[in-house]
Amino acid sequence: MSGLRGARTCPGPGEASDLKSPLGAKFREPLTETRFQQLFGDAEQEPELLAEPRWSRLWRRRARACSGPGAWRLLLARLPPLRWLPHYRWRAWLLGDAVAGLTVGIVHVPQGMAFALLTSVPPVFGLYTSFFPVLIYTLLGTGRHLSTGTFAVLSLMTGSAVERLVPEPLSGNLSAVEREQLDAQRVGAAAAVAFGSGALMLGMFALQLGVLATFLSEPVVKALTSGAALHVLVSQLPSLLGVPLPRQIGCFALFKTLAAVLTALPRSSPAELTISALSLALLVPVKELNARFRDRLPTPIPGEVAMVLLASVLCYASSLDTRYNVQIVGLLPRGFPQPLLPSLAELPRILADSLPMALVTFAVSASLASIYADKYSYTIDSNQELLAHGVSNLVSSLFSCFPNSATLATTSLLVDAGGNTQLAGLFSCVVVLSVLLWLGPLFHYLPKAVWTVTWVAVVALRVDLGLAVGVLFSLMTVVCRTQRVQCLALGLAEGTELYRPLRESRKLLQVPGLCILSYPAPLYFGTRGQFRRILEWHLGLGEGGKEAPKTDGPPGAVAEPVRVAVLDCSGVTFADAAGAREVVQLASRCRDAGIHLLLAQCNASVRGTLTQAGLLDRVTPEQLFVSVQDAAAHALERLELSGPKTCTVWV
């Protein structure tokens, strides 16, 4: 060891130590996993539990849920109002919920009718979709500040599916009866899509796939919602300019629509163009005022409502529908439609549309609920959100509603207006119910104007493909990060039992012949090659035999051959079969090279995978330790018996 700078000799059994290090003292025997289970675990019952089939454990869990207390806990979990309503602060929250709910309900009326036009169904079905899903989510949802109903992204996706399933006749000139039949078919197709997406979400709930929400990063959701708004804007340009054009569907539909609008621009309607310009002239300043004076206004200025009233009065007084052929909403039927099961024969045709809509619904709703849950310090249940939105879409489809989800605009409005709990949804339902039962005739002369929402980024492709690309890219960034993991060599901090990376300090203790490595990444098929190369580099295991190991110490330091290697697996969160086989092969190569391999701090899942891969055929249970400290203590005892008692301190 004369070639090593600052080398010190570790004291023998009868010598005094001048190091402030726990190496010279023996606090307890090193604990292997087997010994730990004997002392602190239930070693007799553990093999039985591991041998018990998974279906049997699930059956016992379900049996416990059927008991009285279990049934009550299940009811509390599936009906959130039973949890939050007894603790509702009536004096502090009721006024805020009432004002916020009424404000959101007022916005739901014109927004629901406008998004019904995006869906290619009559406007009244947008009101139905603004009522039933809101009521159901109030009973089943866990997002206290979430507002559900019609959503521009889903309306656009549903409209594309409806136009494809029930296309407009080539003749274009339809009688009143033919138009009514076409609308009925499109309403049925939209309801079938909602039924399919609701059923898929209930299936995801049954499989407990709420964990998928963790893969939906905030940039992906923001890009999806903001990008879809551009599609909404472009899709409504024909209505904005008064140019009747067929809807473009598929990839690059946005550019196709823009080209068609530019071509047909000379044929635009001056009357509808004037109405659209006046509407935007009113809406945009009001939006700016609400945003600028948000803290001073008790409730946002209802610019949408004022615009609806003024446009209706203008159209009625000037007879724009008869004199200038301006399209109007028409008669809104009072009451609710009869419950009707969507045609099950359509389900195979709409499955390809229902799946991306179910994913978009869950992506937007779960992410939006999580944002406000973090902001206001409460938690949501992502699996319960799947149940809530699944039931909302499934049940509301029986009342001819189209797909629905949480909405960004009304959620933000609800929070700004002082909403506190799901109770605000009931007040919102009261407004929509009033329109359906009594106030519907007031909207007879409302012109079909454009309603722009948040800006978007999914431009070239369809919304569902944009979401898929965003999620896949987000997952790829995670995969790429696991490919750039650095395996760290650890040393002992003097006077402590702490092991830290050697590169962090030159005063860390390193024992010749002992290599302690920490691998902080999952071990799966994508990282097994990197894992092999890193371990070969540190342990000196080349293809041609044992090579000189590498050191993280000072440049020029001579590294001794490794005799004991400790692999810290605390950072290995999971391992698949391929990764486990790589560890087994490493153990075989270490044994052939005369290296005593110790594994430390493997979690139960990783231990089980390694055991199934045959690790215990290469190592003994005494080589699996509960911590790095225990493995290092065992390694030092082994080195004292097999070689010179020397250790190195980098100074």
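Residues numbered from 1 in each chain as written. Predicted model: local features only at pLDDT ≥ 70, side-chain atom pairs only at ≥ 80, totals over all residues. Heavy atoms only, no water.

### Some remarks on the overall build of the chain
So, step 1. Each helix and strand counted, the chain has 25 helices and 13 strands in total.
So, step 2. Classification of the 651 residues of the chain by burial places 48% in the buried group.
So, step 3. Relative to all contacts within the chain whose residues are 6 or more apart in sequence, the contacts with residues 24 or more apart total 83%.
So, step 4. Accessible surface for the chain amounts to roughly 32300 Å². Of this, 62% is attributable to carbon and sulfur atoms. (Helix = DSSP H or I, 4+ residues; strand = E, 2+ residues; numbered from the N terminus. Buried < 20%, exposed > 50% of the residue type's maximum accessible area, 1.4 Å probe, protein only. Contact = heavy atoms within 4.5 Å. Areas by Shrake-Rupley, 256 points an atom, 1.4 Å probe, with all protein chains shown as cover.)

### Considerations on helix α18 (residues 382-397)
Two residues of an α-helix separated by three or four positions point the same way, owing to the 3.6 residues in each turn.
So, step 1. The terminal C-alpha atoms of α18, which comprises 16 residues, lie 22 Å apart, in line with the 22 Å expected from a rise of 1.5 Å per residue.
So, step 2. With 13 of 16 residues buried, α18 is to be regarded as a mostly interior element.
So, step 3. With a side-chain oxygen positioned 3.1 Å from the backbone nitrogen of Asn-383, the residue opening α18 is Asp-381. (Expected span 1.5 Å × (residues − 1). Polar contact = N/O pair within 3.5 Å; in protein donor to acceptor, adjacent residues only side chain to side chain.)

### Considering the pattern of salt bridges
So, step 1. Per the stated rule, a full pass over the model turns up five salt bridges.
So, step 2. Here Glu-582 and Arg-528 are joined by a salt bridge, their closest N and O atoms 3.1 Å apart. Here Glu-582 is found in helix α23 (residues 577-592), whereas its partner Arg-528 is found in helix α22 (residues 528-539), with 54 residues between them in sequence.
So, step 3. For Arg-589, the salt bridge goes to Glu-536, with nearest N and O atoms at 2.6 Å. Here Arg-589 is found in helix α23, whereas its partner Glu-536 is found in helix α22, with 53 residues between them in sequence.
So, step 4. The exposure class assigned to Arg-589 is partly exposed, which follows from its relative accessible area of 29%.
So, step 5. Taken together, the shared-partner salt bridges in this structure form one network comprising Arg-528, Arg-532 and Glu-582. (Salt bridge = Lys/Arg side-chain N within 4 Å of Asp/Glu carboxyl O.)

### Brief notes about the side chain of Asn-393
So, step 1. With respect to the helices, strands and loops of the structure, Asn-393 is situated in helix α18.
So, step 2. Engagement of the side chain of Asn-393 in a polar contact is seen with the backbone nitrogen of Asn-404, the distance being 3.1 Å.
So, step 3. With near-sequence residues (within four places) excluded, Asn-393 lies in contact with Ala-194, Phe-195, Ser-197, Gly-198, Met-201, Thr-361, Pro-403 and Asn-404.

### Notes on the pairing of strand β7 (residues 514-518)
A regular strand places its side chains on the two faces of the sheet in alternate fashion.
So, step 1. Along β7, five of the five residues are buried, which leaves the element largely enclosed by surrounding structure.
So, step 2. Residues Leu-514, Ile-516 and Ser-518 of β7 are buried on one face, and the alternating residues Cys-515 and Leu-517, pointing to the opposite face, are buried as well.
So, step 3. Here β7 runs beside strand β10 (residues 564-568); their pairing, made up of five bridges, is parallel. Bridging from a neighbouring strand, Ile-516 pairs with Val-566 of β10. (Pairing = 2+ DSSP bridges.)

### Topic: the UniProt feature "transmembrane region" (unreviewed entry) in the chain
So, step 1. As annotated by UniProt and renumbered to match this structure, "transmembrane region" (unreviewed entry) occupies residues 90-109, 116-140, 187-211, 354-373, 423-443 and 449-475.
So, step 2. In residues 116-140, the share of helix is 72% and the share of strand is 0%. The end C-alpha atoms are 25 Å apart.
So, step 3. In this annotation, residues 187-211 is assigned 80% helix and 0% strand; the end-to-end C-alpha distance for the span is 33 Å. (UniProt positions renumbered as here; feature names shortened; annotations may be inferred.)

### Let's talk about the packing of helix α9 (residues 152-165) against helix α17 (residues 347-375)
So, step 1. The geometry of α9 relative to α17 is characterised by a closest axis approach of 10 Å and an angle of 175° between their N-to-C directions. For the element pair α9 / α17, the angle class is roughly antiparallel. Packed against α9, whose contacting residues are Val-153, Leu-154, Met-157, Thr-158, Ala-161, Arg-164 and Leu-165, the element α17 presents Arg-349, Ile-350, Asp-353, Pro-356, Met-357, Val-360 and Thr-361 at the interface. (Axes fitted to C-alpha atoms, helices over the stretch in contact; angles between N-to-C directions. Parallel < 35°, antiparallel > 145°, perpendicular 65-115°, else oblique.)

### Concerning the pairing of β10
So, step 1. Burial of β10 is extensive: five of the five residues sit out of reach of the surface.
So, step 2. Of the pairings in the sheet, the one linking β10 to strand β11 (residues 596-600) comprises five bridges and is parallel in character. Opposite Leu-567, over in β11, you have Leu-599 as the bridge partner.
So, step 3. In this region the chain leaves β10, passes through α23 and returns to the parallel neighbour β11; the handedness of that crossover is right-handed. (Right-handed = clockwise from strand over helix to strand, strands pointing away.)

### What to know about the packing of aromatic side chains
So, step 1. Counted according to the given criterion, the structure contains eight aromatic pairs.
So, step 2. Relative to Tyr-88, the ring of Trp-84 has its centre 6.3 Å away and its plane inclined at 55°; by these criteria the two rings are tilted. A single burial state applies to Trp-84 and to Tyr-88, both of which are buried.
So, step 3. Aromatic pair Tyr-88 and Trp-93: ring centres 5.5 Å apart, planes at 75°, arrangement edge-to-face. Per residue, the accessibility class of Tyr-88 equals that of Trp-93, and both read buried.
So, step 4. Three or more aromatic residues link up through ring pairs in this structure, and these residues are Trp-84, Tyr-88, Trp-90 and Trp-93. (Phe/Tyr/Trp six-rings, centres within 6.5 Å; stacked < 30°, edge-to-face > 60°.)

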